[in-house]
Amino acid sequence: MENYVYTKDELNSMGNFKIYDKSSSEAAFLLGGIGTGNISLGARGELRDMEIFNTPAKGVDPPFTFFSIWTKEQGKTSKTRVLESKINPPYTRPNGLNPSTMSGLPRFETSTLKGEYPMSWVTLNDDILPVEVILEAFTPFIPLNPDDSGIPVAIFKYKVKNKTKKPVDVSIAGSIPNIIGFNGFDILGIPKPDYFKNNTNEFIQENNLCGVFMSSDLPSDHLKYGNMSLVTTNPNTTTKPNWYKGTWFDCIHDFWDDFSEDGKLSYESNLPYESPTYSWLSVGSVSAYDTLEAGEEKEFKFMLTWYFPNRINDWYQDRSSAWYKICSKDPQTTQNYYGKQFKSSWHAAKYTVKNYDRLYNDTIKFHKSLFESTLPDYVIDAAASNITVIRSTTCFRLESGKFFGWEGSHATEGSCPGNCTHVWNYENTLAFLFPSLERDMRTTDFNVETDENGKMSYRQKRIFGYAFDYHPAADGQLGTIIQLYRDWKLSGDTEFLKSLWDNAKKALDFAFTYWDSDCDYVLDNQQHNTYDIEFYGPNSLTNSMFYGALKAATEIAKTLGDINSADKYEKALKLGAERMDYMLFNGEYYIQNIDDVNKYKYQYGKGCLSDQVFGQLQAHVAGLGYILPEDHIKKAIYSVFQYNFKTDFSNHHNVQRTYVLNDEKGLLLCSWPNGGRPKLPFIYSDEVWTGIEYQVAAHLIFEGFIEEGLTLVKSTRERHDGIRRNPWNEVECGNHYVRSMASWNLVLALSGYKYDLVKGEIEFNPVINQENFKCFFSCGIAWGTFSQKLNNNTCKYDYKINVLYGSLEGITIKANGVNI
C-alpha cells in the first residue's frame, strides 16, 4: 500500500525522542516501584500526583513539596529559586494561588522534560543564575527482578554546572510535609487532620545517609499507618526537620528567608512560639551544599522513600465501600509486598543507598538497550511509556508475593477489579519483563478462579474468599490458555505447566459445552467479551481465541503425553477453523453470523471489527503459527486498517466515550463499509482504544504490512503529546489502562523474536533495518540486546548477542534461520 499519511522518513525516524517543554501541562512521569504507589514529575520539574497511600490520587498535589536552589557567585549577591520553571496559566482561583504551592516564589525561566522510561531528565534554564541545572529522576527498574523494581523510592539527582569563570557556592534543599494519615484536603488546600496523630519529624544521620524521618503515633495495624523519609548522601548538609509552626504564612516565610540568607538551614527557627493555625502539619527540609569551581559540575542526590504497608486484603481499599455492605463482608488487613521487604522508609533508603551502584547500572543497562535500538523512535516510546502501568496504582502486590491488577485507575480507587481476563489478554509487557509475576497470574486463573466444571471467573473473587464469582468471558477464558502456553515457552518451566494443566483442560473443555450449542466446534452461544456485552452467534473474535487455545492445548498435551486430549483438540481445531472460515469470511474480512442483527442489542453483524482475528495475533506472539488460512488472515487485518483507520475525526459521529476528536488520527473499533450497521451496535463501537490500535499494528507487521502498522503506532503516540494527553498514561476505562501494554507486541513483531525455552532456543528475524539492526530482547532467564549488521566484504550478516542480565548458557540462538 502507498502510504499517504506519513512519509517514509517519518515512519523510519530513529532517535528523535520527544522533549516536552514547560507548556506540556499534561506530561507527568511516574516514579515509584511495582506495587508501591507513585509520585509524578511534571514538565516544569514540579512534583505532583501523590499516589503513595495505596489508592489512586491524580490531582492530589501535596503542599510544600518542592526542591529549591541557592547560588552565590564569588563577588556577587546570592540568588534563590524553586527548582521548577514558571507556573503556567490559568491563574484564576477563588482565593488566588494557594500559598502551599509556593506560587509566588521565583522560579527558572524555562524547562524541558525528557522521559525515556524508566529514566527522566528535567533541564532548567535561567540566564540570571550562574549555574545550569539538570535533574535526573528515576526509580530502579530491572527486568526479571521484580523485588528490586518494587522499591518505594523516587531518586532525584540534580546535576549543577558552574557556567561562570568564578567559584559559585551552591545549596539545594528538598522539602516535604509529614502527611501520614492523609485523608484529603480542606477548602484551603491543607491536609485534613482526621488521622494525623502526633505526626513527628526526626533528623537521622547514619553513615553516609542523613535526612528527615517522618512518622506518627497511628497504631501499626491502622490502614493509614506508615512513615516517610527525605534523605541525601551528600557529605555537606544542613537540616530543618520541623518548619516553624505559626499562623498565616509564617512557616514558608521562615523557611525561605532562612535558606535565602546563606543556603544553609537552621535546625530550629528563632521565631517565638505561638499557637499555630495548622498544628498538625509538620514540614521538614534537608539541604546539601558545595562549592563549584569555574566550569565544574557536581551532583546533589536526594531520595524520597515511603512505607505505607497496610492495605485491605481485597480490591477496594475503603472499608465503608458500598461493595462490602452489599457483600456483607468485613474486609481484613494484609500488607503490601514491599512491607515484607522493608521495615520502614528509612530501611528502604538504606537498602537503596547500599545497593545504589548495582540498581542504577542495571536500570541504565535496560534503558540503553531499549532506547538505543534501531526500532522507530515512536515504537520504542509506545513500548516503554506503557511499562508505567505495571508500576502505577493499577497494579498491586501482596505480602504473599501474589500480583494483581485492575483494568485501570479511577480518581480514588481502581477501575474494574479482578485481573480481568478479557483485558489482561492484550498485554505482553509484564509477561516479557517480569514473567514470574505473569506466571503467578496464570496460577490464580486456573488453580483458584476455575471451578470443577471449568468455568473461570473473569474477574477474580475467590482469591479473596468470596463464595460467588463472575460469569465467564469467552475471549478472556480462552486467552488464558494461549497465555499459559506462552508463559511455559518463555520460562521453559514444565513443572509450572504440569501444576496447572488439569484445570487448564477443564477451562478449555468448558467451551465445548457452554459456548458451542451444536457441537460443530464453532462457538455460537451467548459470549461475554471485552466490550462488556454478549455476542450471539458465530464471530471470529471469540472463535479465533478458541482456535488459538486449541492449538496451544494440542501442543501442551502432546508434550505431557496426554494423547487423548491432544487428538481431541487437534480435531476440533481442524474442523472448527475450516467451518468458521467458510461461515464468516466474506472475501475481505470476517463478520458475525447472525440472522437478525437487531434481535439482540449490541451486535456488529456485517461490520469490520478491529479485534476480529485477535486470536491469530496471540498465536503469532506465542509461536503457534497460523490457526486460520494465511491469505484470509492477511486480507482481514489489512481490511481493518483500510476501513477503520481515520485520518480526521472532525465529521465522525460518536455518542459514546470520546478518546479521539477533531483532526486527530485513530483506529475505530468497528466500521460498516458494506452497510448493515445495527440500530444499536455494541456499546464501544465508535470509540478508539490505544490497546486495540497496538494489537492491530503488531498484527499488521506480523503479516507483512509494516508501513500500515507503523502508521497506527505513530498516530497513537502523536495524540499523547504532553499537551492534549499524558505520554505516560494511556487512558481507556481509567488511567494507566492495562490494554495499552499491547504495545510490547510491536517489539516482538519488528524483531521477529521467537522463543522456546522448553527446547532451549531463541530466534530473531528482523523485518526492518535488516542491514543494521539492534533491539532489546528478554525471556524468562535473561535479557539483553541482539544486533545484526551487513558485512560489505562478505555480503553476510555479522551477529551479536549481548546478555546484560541473567545467562543464556546452553541456549541455542538463531537469526534468520541460522545458528549464531
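Residues numbered from 1 in each chain as written. Predicted model: local features only at pLDDT ≥ 70, side-chain atom pairs only at ≥ 80, totals over all residues. Heavy atoms only, no water.

### Side note on the overall build of the protein chain
Part 1 of the reasoning: When helices and strands are counted, the protein chain shows 19 helices and 37 strands.
Part 2 of the reasoning: Since a compact globule built from 820 residues should have a radius of gyration of about 28 Å, the 28 Å found for the protein chain is in line with a globular shape.
Part 3 of the reasoning: Here the C-alpha coordinates of the protein chain stretch approximately 85 × 75 × 55 Å along the principal axes.
Part 4 of the reasoning: Burial statistics for the protein chain: of 820 residues in total, 62% are counted as buried.
Part 5 of the reasoning: In the protein chain, of all internal contacts separated by at least 6 residues, the share reaching a separation of at least 24 is 68%.
Part 6 of the reasoning: Here the protein chain has roughly 29900 Å² of accessible surface; of this, 48% comes from carbon and sulfur atoms. (Helix = DSSP H or I, 4+ residues; strand = E, 2+ residues; numbered from the N terminus. Rg over C-alpha atoms; globule rule 2.2 N^0.38 Å. Buried < 20%, exposed > 50% of the residue type's maximum accessible area, 1.4 Å probe, protein only. Contact = heavy atoms within 4.5 Å. Areas by Shrake-Rupley, 256 points an atom, 1.4 Å probe, with all protein chains shown as cover.)

### Considerations on the sheet that holds strand β7 (residues 107-108)
Part 1 of the reasoning: What the six strands build is an open sheet, ordered β7-β6-β5-β12-β17-β16; its pairing is mixed. The open sheet has two edge strands, β7 and β16 (237-240), and neither has a second partner.
Part 2 of the reasoning: Relative to strand β5 (residues 66-73), helix α2 (residues 250-262) is tilted by about 30°, and along the sheet it contacts β5, β6 (79-85), β12 (168-178), β16 and β17 (282-292). (Pairing = 2+ DSSP bridges. Axes fitted to C-alpha atoms, helices over the stretch in contact; angles between N-to-C directions.)

### Quick word on the packing of helix α10 (residues 435-447) against helix α12 (residues 494-514)
Part 1 of the reasoning: The N-to-C vectors of α10 and α12 enclose an angle of 40°; their axes lie 9 Å apart at closest approach. Here α12 runs oblique to α10, going by the angle between their axes. For the crossing formed where α10 meets α12, the hand is left-handed. Residues Arg439, Arg442, Thr443, Phe446 and Asn447 of α10 form the contact with α12, whose participating residues are Phe496, Ser499, Leu500, Asn503, Ala504 and Ala507.
Part 2 of the reasoning: Residues of the contact of α10 with α12, tallied by class, amount to five nonpolar, four polar and two charged. (Parallel < 35°, antiparallel > 145°, perpendicular 65-115°, else oblique. Left-handed = near helix turned anticlockwise from the far one by under 90°. Nonpolar A, V, L, I, M, F, W, Y, C, P; charged D, E, K, R; others polar.)

### Remarks on the pairing of β5
Part 1 of the reasoning: Of all the eight residues making up β5, seven are buried; the element is thus mostly covered by neighbouring parts of the structure.
Part 2 of the reasoning: Note that β5 and β12 share eight bridges and pair antiparallel. Its bridge partner being in β12, Ser68 is matched across the sheet by Ala173.
Part 3 of the reasoning: What sits between β5 and β6 in their antiparallel hairpin is a turn of five residues, with Gly75 showing a positive phi close to 85°.

### Quick look at helix α18 (residues 706-719)
Part 1 of the reasoning: Here α18 is 14 residues long and its end C-alpha atoms lie 21 Å apart, about the 20 Å a rise of 1.5 Å per residue gives.
Part 2 of the reasoning: Of all the residues in α18, the buried ones are Glu708, Gly709, Leu710, Thr711, Leu712, Val713, Lys714, Ser715, Thr716, Arg717 and Arg719. (Expected span 1.5 Å × (residues − 1).)

### A word on unusual backbone geometry
Part 1 of the reasoning: Residue Pro89 is joined to Pro90 through a cis peptide bond whose omega torsion reads 5°.
Part 2 of the reasoning: In this structure, Pro90 sits in the loop between β6 and β7.
Part 3 of the reasoning: Backbone torsion omega between Tyr117 and Pro118 reads 15°, so that peptide bond is classified as cis.
Part 4 of the reasoning: Secondary-structure assignment places Pro118 in the loop between β8 (110-116) and β9 (119-125).
Part 5 of the reasoning: Phi is positive for Leu144, which is not a glycine, with a value near 75°.
Part 6 of the reasoning: Along the chain, Leu144 turns up in the loop between β10 (131-138) and β11 (153-162).

### A short note on the packing of aromatic side chains
Part 1 of the reasoning: Applying the stated criterion to the full structure yields 68 aromatic pairs.
Part 2 of the reasoning: A centroid spacing of 5.5 Å and a plane angle of 80° characterise the contact between Trp315 and Trp406, whose relative ring orientation is edge-to-face. A residue pair is termed long-range when its members are at least 10 positions apart, and Trp315 in the loop between β19 (310-312) and α3 (322-327) and Trp406 in the loop between β22 (403-405) and β23 (408-409) qualify at 91 residues.
Part 3 of the reasoning: What makes Trp315 buried here is its relative accessible area of 1%.
Part 4 of the reasoning: Pairing Tyr316 with Trp406 gives two aromatic rings, centres 5.3 Å apart and planes at 75°, and the pair type is edge-to-face. Note that Tyr316 is positioned in the loop between β19 and α3 and Trp406 in the loop between β22 and β23, a separation of 90 residues in sequence.
Part 5 of the reasoning: Judged by relative accessible area, Tyr316 falls into the buried class, the value being 14%.
Part 6 of the reasoning: Feature note: the residues Tyr20, Phe29, Tyr117, Phe141, Phe366, Phe434, Trp728, Trp744, Phe776, Trp783 and Tyr805 constitute an aromatic cluster, connected by ring pairs.
Part 7 of the reasoning: One residue, Lys264, lies across the ring of Tyr289, its end atom 4.3 Å from the ring centre. (Phe/Tyr/Trp six-rings, centres within 6.5 Å; stacked < 30°, edge-to-face > 60°. Lys NZ or Arg CZ within 6 Å of the ring centre and 35° of its normal.)

None of this, on its own, says anything about what the molecule does.
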